[in-house]
Amino acid sequence: MTLRLIPANDNMSAEDLLNGLNERQSQAVRTTEGPVLIIAGAGSGKTRVLTYRIAYMLRLGVDASHILALTFTNKAAQEMKERIADLVGHGPARAIWAGTFHSIFARMLRAHAERLGYTSSFTIYDADDQLAAVKAVMNALGVSQQVLAPNMVRSKISNAKNAMMSWQEFARRADTIVDKQCAQIFEQYERRLAQSNSMDFDDLLLNMIRLLENHADVLEAYHERFRYLMVDEYQDTNRAQYRVVELLARKHRNICVVGDDAQSIYRWRGADIRNILDFERDYPNATTVRLEQNYRSTKTILAAADSVIRHNASQLKKTLWTDNVEGEKITLLPCRDDREEADAISRTIRARMDAKGLRYSDIAILYRTNAQSQSLEDALRRINMPYHIVSGVSFYKRKEVKDALAYLRLIVNPSDTESVLRVINEPPRGIGQTSLQHLQEHARATNVAMFDVLREADGVPSLQKRTVTAVQGFVRIIDEHRGLANELAPASLAQTYLEATGLLQFYKSQDTDEAQDRWNNIERILSHIAEQQEIDPELTLARYLEQVALVSEQDDPQLGTNRVALMTMHAAKGLEFPLVVIAGLEQGLFPLAKAEQDPKEQEEERRLFYVGITRARQELVLSYAERRYRFGELTFSRPSMFLSEINPDCFAASSRVMQRAGGPSLPPQRPTAAPAGRPSSPFTSRQAQPPRRTSPPSSTNEYSQVPSSDSYGQVPGDGPQYRMGMRVKHPMFGVGTIVALAGVGAQAKATVQFSNGAKKQLMLQYARLEVL
DNA sequence: AGAGCGTCGCTTTTT
DNA sequence: GCGACGCTCT
């Protein structure tokens, strides 16, 4: 957040807290009783309001333990806790329950697991475990993975659960062959997880609903305990989350939800925008507060964001405004390919840092897909610019890390079938596929949990003697170390245990760099456990595992350091940076190709772009590449439609290079044509670059031979000549007539009167107008 | 049982 | 371009 007018001060009164707030913010903070809907535009001080509201309640005498704050990401929860602690001190702050839906619910479910047929040591399955379970079920049912893509089945199941649909209901509604098969898999999947004493992410929500709906005493206890509820990012909640919140808030109705429909970017994961749109209906006496003053961004950035989001049909009414300065215009970096884009970005960053005295940590590069980070990283490394990738999940996705964690999960919860299957032959113990098949079939036939079958492996027919011995050895290691759980601290337990499994030795004995890496990674986990144990002496292995199951890798240690941040726009939500670069603004990438047909998806992509733009405080840089490597091959694309949706006035005036080019057929901008050594305009610095060398020989040749008509941002070849009165078609707005033309080259704009009544000013370079 | 090779799908985004 | 998976060979 931008403002911290009030220093941390334990003596601050409730009234003092209000002093640093604008009127709307103050109203939101003061309204502590009853339902409150806070519609918080980007940069309007949302987190500030939430934390001040909690501090205010504490000052009014509300007991900290009566407050429950639910967030969507760990990052948000963490920030909230810290900022509350800043305001009221660490003591009271600790008593507040603040966390993600999933982590808070997991904690509650552990306390009441027996009521739902689980033990408190249930395992949490992530998407990969989920997928493994789906595949196993499909195998058992004899469904070919060629015919039915396991991932599709997994997401169907997850979507159904997000919508609170049981497998029975799913089966009832299934009317296609595919859905009927999915229903069967769904059923078996649910049984399998239950038998594994495991919950997937969706179960954490669904089981909460079951718990609260079916156990009145538990519900009553939570009503007693949590009298004040706050929900952040309410626009991203799904129906199940909505239901839990509703149950928890039912008695006291002190529920405060904060959200911004314009920033709803998780529809794909079941987020239901109705939750926020319907709040006033669900809680008829709700107070609605609109936070519309933006404290974060310049007028230019806000205008750009606004011009983009206006293209969405459905949204709550609100008008963001700011007292901030006009600020720098937006810089656009048109590039030929991803490598050039990455270089242009790194050079632009360097130039802006020099010009503005920015630090690395003032800068973020945002992109649509994680795959885009590769070329950016390469470019940053080439010029020795420090960076870090935020929210890389990669570490916990590594095979050896997952194996190690699976082993640990097994001593906490031996019923965890997915973990058994994962590590039973890792390192190789001579328990191969055939043996596993027999074991699984036996488990299914006798309806005995996998681990119990392993315990009595000698009772399984058709299993070789040698295999039985191997299985028994595997079981013994786990059982023995389970016994040690009460005697040893988690760190030493994990150490001896993983040594006993042979996993560490397996990697250590191989003399390859890769094995060394893997060994290192397992060691990293062990030291991580030791570290966490330092922080929390009460730590158990179970608690540690829950932590890592629900926390994607957080680069906390690096977050405070002076580095450029690279992340997806999803990961950037809630953050802000003085300088933001959004890369890869191309049709097919952003918006993704998948969204191009579906208007709903397109609107979600647009909201995502809105989120990206509004992360910027002072300056925004946008870039695209005409060609880039995707899926290992060179693909071509046109500039994103979103570029043409930005009010053209927000863009920087054309650089000198651009002015040289005349005529509406758009500027030739060959790198070689630009004189080197110009001052630090992003365009000139980019163009001082020699032609790229990494592209395949053919395309390099192509480059050097292409004459100056090799233009940027325009359909290849000479673009159409636009004239006044011309009938044109826009992919988004439909048919219209050109009523005005202005500017030349890259700055050429047309004002078009569309037949639907809208009059738009469009940059010809990006508008992709079709002449009729 | 396990190594080696070829095929396929993949990248949307995350708890 | 990579990793997961399946098939084949030893």
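These numbers come from a predicted model, not from an experiment.

Colleague: Please clarify how the overall build of chain A should be interpreted in this entry.
Modeller: Looking only at helices and strands, chain A features 36 helices and 22 strands. Going through the 772 residues of chain A one by one, you find that 56% of them count as buried. The long-range share in chain A, meaning contacts at least 24 apart out of those at least 6 apart in sequence, stands at 75%. For chain A, the exposed area adds up to about 32600 Å²; of that, 49% sits on carbon and sulfur atoms.

Colleague: Before we go on, may I ask you to explain the protein's contact with DNA strand C in this structure?
Modeller: What surrounds DNA strand C is the set K135, F631 and G632. Sugar plus phosphate: this is where 25% of the atoms of DNA strand C within 4 Å of the protein reside. One of the side-chain N or O atoms of K135 is found 2.7 Å from a phosphate oxygen in DNA strand C.

Colleague: In this structure, what is going on with the sheet that holds strand 6 (residues 228-231)? I would like to understand it.
Modeller: Reading across the sheet, the six strands line up as 3-2-6-7-1-8 and stay open at both edges, with parallel pairing between neighbours. Strands at the two margins of the open sheet, each flanked by one partner only, are strand 3 (97-100) and strand 8 (287-291). Shown here is a sheet whose adjacent strand axes are inclined to one another by a mean of 15°, direction ignored. By the bridge criterion, four bridges tie strand 1 (residues 36-40) to strand 7 (residues 255-259) in an arrangement that is parallel. The partner of I39 across the bridge, within strand 7, is G259.

Colleague: Looking at this structure, how should I read the confidence of the model for chain A?
Modeller: Close inspection of predicted coordinates is inappropriate for parts of the model with low pLDDT. When pLDDT is averaged along chain A, the result is 81; 82% of the residues meet or exceed 70. Long-range and interchain partners of residues 1-8, a stretch whose pLDDT sits below 50, account for 25 contacts in this model, where long-range means more than four residues apart. Every residue in residues 655-719 is under pLDDT 50, and counting partners more than four places away or in other chains gives 97 contacts.

Colleague: I keep staring at the packing of aromatic side chains and nothing clicks. Help me out?
Modeller: To describe a pair of aromatic rings, you give the distance between the ring centres and the angle between the ring planes. Counted according to the given criterion, the structure contains 16 aromatic pairs. Measuring from centroid to centroid gives 5.6 Å for Y266 and W268, while their planes differ by 50°, and the two rings are tilted. With a relative accessible area of 53%, W268 lands in the exposed category. Aromatic side chains F609 and F642 sit 5.4 Å apart centroid to centroid with 15° between the ring planes, which places their arrangement in the stacked category. Here F642 lies in helix 32 (residues 641-645) and F609 lies in helix 31 (residues 599-613), a separation of 33 residues in the sequence. Take F609: its relative accessible area is 0%, and that puts it in the buried class. Connected via pairs of aromatic rings, a cluster forms that spans F72, F101, F105, Y266 and W268. Here R48 stacks its cationic end above the ring of Y52, 4.8 Å away from the centre of that ring. One Lys or Arg, R107, reaches over the ring of W97 and ends 3.8 Å from the middle of that ring.

Colleague: Help me understand the protein's contact with DNA strand B in this model?
Modeller: Around DNA strand B, a shell composed of 27 residues is seen, among which R368, N425, S435, L592 and K594 lie nearest. Among all atoms of DNA strand B positioned within 4 Å of the protein, those belonging to sugar or phosphate total 48%. Within the side chain of R269, a nitrogen or oxygen atom sits 3.0 Å from a base oxygen of DNA strand B. In terms of residues, the surface near DNA strand B owes the most to one element, helix 22 (residues 433-446), which gives three residues. Residues that form the surface near DNA strand B fall into these classes: nine nonpolar, 14 polar and four charged.

Colleague: How should the pairing of strand 12 (residues 363-367) be read in this particular structure?
Modeller: A regular strand places its side chains on the two faces of the sheet in alternate fashion. For strand 12, the buried fraction is high: five of the five residues fall into the buried class. Burial along strand 12 is two-sided: the residues I363, I365 and Y367 and A364 and L366 are all buried. One ladder, built from four bridges, connects strand 12 with strand 15 (residues 577-582); its direction is parallel. Bridging across to strand 15, A364 finds its partner in V580.

Colleague: When you look at the packing of helix 20 (residues 399-412) against helix 25 (residues 490-501) in this model, what are you seeing that I'm missing?
Modeller: A pair of packed helices is captured by two measures, namely the crossing angle of their axes and the spacing between those axes. Contact geometry of helix 20 with helix 25 gives a least axis separation of 11 Å together with a crossing angle of 110°. If you check the angle between helix 20 and helix 25, you find them roughly perpendicular. Crossing hand, helix 20 versus helix 25: right-handed. Residues A404, Y407, L408, L410 and I411 of helix 20 lie in contact with helix 25, whose contacting residues are L493, A494, Y497, L498 and T501. Taken together, the residues of the contact of helix 20 with helix 25 break down into nine nonpolar, one polar and no charged.

Colleague: Sorry if this is basic, but what is going on with the environment of Y52 here?
Modeller: Assignment of secondary structure puts Y52 in helix 3 (residues 46-59). On the basis of relative accessibility, which here comes to 3%, the residue Y52 falls in the buried class. In this structure the C-alpha to C-alpha distance between Y52 and V29, which are 23 residues apart in sequence, comes to 6.5 Å.

Colleague: Explain unusual backbone geometry to me, please; I cannot follow it from the model alone.
Modeller: Backbone phi values are negative for most residues with the exception of glycine, while trans is the configuration of most peptide bonds. Here the residue pair E426 and P427 is connected by a cis peptide bond, since its omega of 0° sits within 30 degrees of zero. Mapped onto the elements, P427 comes out in the loop between helix 21 (417-423) and helix 22. With omega at 5°, the peptide bond leading from F590 into P591 counts as cis. Within the secondary structure, P591 is located in the loop between strand 15 and helix 31. With a phi close to 55°, N384 is a non-glycine residue in the positive phi region. Among the secondary structure elements, N384 is positioned in the loop between helix 18 (373-382) and strand 13 (387-389). Residue classification places N384 among the exposed residues on the basis of a relative accessible area of 65%. Even without glycine at this site, N447 takes up a positive phi of about 55°. Tracing the chain through its elements places N447 in the loop between helix 22 and helix 23 (450-455). Since its relative accessible area comes to 59%, N447 is described here as exposed.

Colleague: Where do I start with the nonpolar core in this structure?
Modeller: A general feature of soluble globular proteins is that nonpolar side chains tend to end up buried together. Of all hydrophobic cores here, the largest spans 88 residues; its most connected members are I582, F609 and L622. The contacts of I582, once residues within four sequence positions are left out, are L366, M569, F609, G612, I613, L620, V621, L622 and S623. Core analysis: the second largest hydrophobic core is formed by 51 residues, V401, V423, L436 and A443 among them.

Colleague: Please clarify how helix 31 should be interpreted in this entry.
Modeller: Along an α-helix, residues three or four positions apart point the same way, because every turn accommodates 3.6 residues. Over its 15 residues, helix 31 extends 21 Å from the first C-alpha to the last, a length consistent with the 21 Å expected when each residue adds 1.5 Å. The buried fraction of helix 31 is high, at twelve of 15 residues. For helix 31, the set of buried residues is Q602, E603, E604, E605, R606, R607, L608, F609, Y610, V611, G612 and I613. Looking at where helix 31 begins, the residue whose side-chain oxygen comes 2.9 Å from the main-chain nitrogen of K600 is D598.

Colleague: Please clarify how the pattern of salt bridges should be interpreted in this entry.
Modeller: When their charged atoms lie close together, side chains carrying opposite charge are able to pair. In this structure the tally under the stated criterion is 52 salt bridges. R24 serves as the salt-bridge partner of E292, at 3.1 Å between the closest nitrogen and oxygen. Of the two residues, E292 sits in the loop between strand 8 and strand 9 (293-294) while R24 sits in helix 2 (residues 23-30), which places them 268 residues apart along the sequence. With relative accessibility at 13%, the residue E292 sits in the buried group. With a shortest N-O distance of 4.0 Å, R267 and E604 are connected by a salt bridge. A residue pair is termed long-range when its members are at least 10 positions apart, and R267 in the loop between strand 7 and helix 14 (274-277) and E604 in helix 31 qualify at 337 residues. By relative accessible area, R267 is classed as partly exposed at 34%. A cluster of three or more residues bridged by salt bridges with shared partners is formed by K46, D232, E233, D236 and K573.

About the cut-offs
- Residues numbered from 1 in each chain as written.
- Chains lettered and ligands numbered in written order.
- Predicted model: local features only at pLDDT ≥ 70, side-chain atom pairs only at ≥ 80, totals over all residues.
- Heavy atoms only, no water.
- Helix = DSSP H or I, 4+ residues; strand = E, 2+ residues; numbered from the N terminus.
- Buried < 20%, exposed > 50% of the residue type's maximum accessible area, 1.4 Å probe, protein only.
- Contact = heavy atoms within 4.5 Å.
- Areas by Shrake-Rupley, 256 points an atom, 1.4 Å probe, with all protein chains shown as cover.
- Near = heavy atom within 4 Å.
- Polar contact = N/O pair within 3.5 Å; in protein donor to acceptor, adjacent residues only side chain to side chain.
- Pairing = 2+ DSSP bridges.
- Axes fitted to C-alpha atoms, helices over the stretch in contact; angles between N-to-C directions.
- pLDDT = per-residue confidence, 0-100.
- Phe/Tyr/Trp six-rings, centres within 6.5 Å; stacked < 30°, edge-to-face > 60°.
- Lys NZ or Arg CZ within 6 Å of the ring centre and 35° of its normal.
- Nonpolar A, V, L, I, M, F, W, Y, C, P; charged D, E, K, R; others polar.
- Parallel < 35°, antiparallel > 145°, perpendicular 65-115°, else oblique.
- Left-handed = near helix turned anticlockwise from the far one by under 90°.
- Core = buried A, V, L, I, M, F, W, Y, C linked by side-chain atoms within 4.5 Å.
- Expected span 1.5 Å × (residues − 1).
- Salt bridge = Lys/Arg side-chain N within 4 Å of Asp/Glu carboxyl O.

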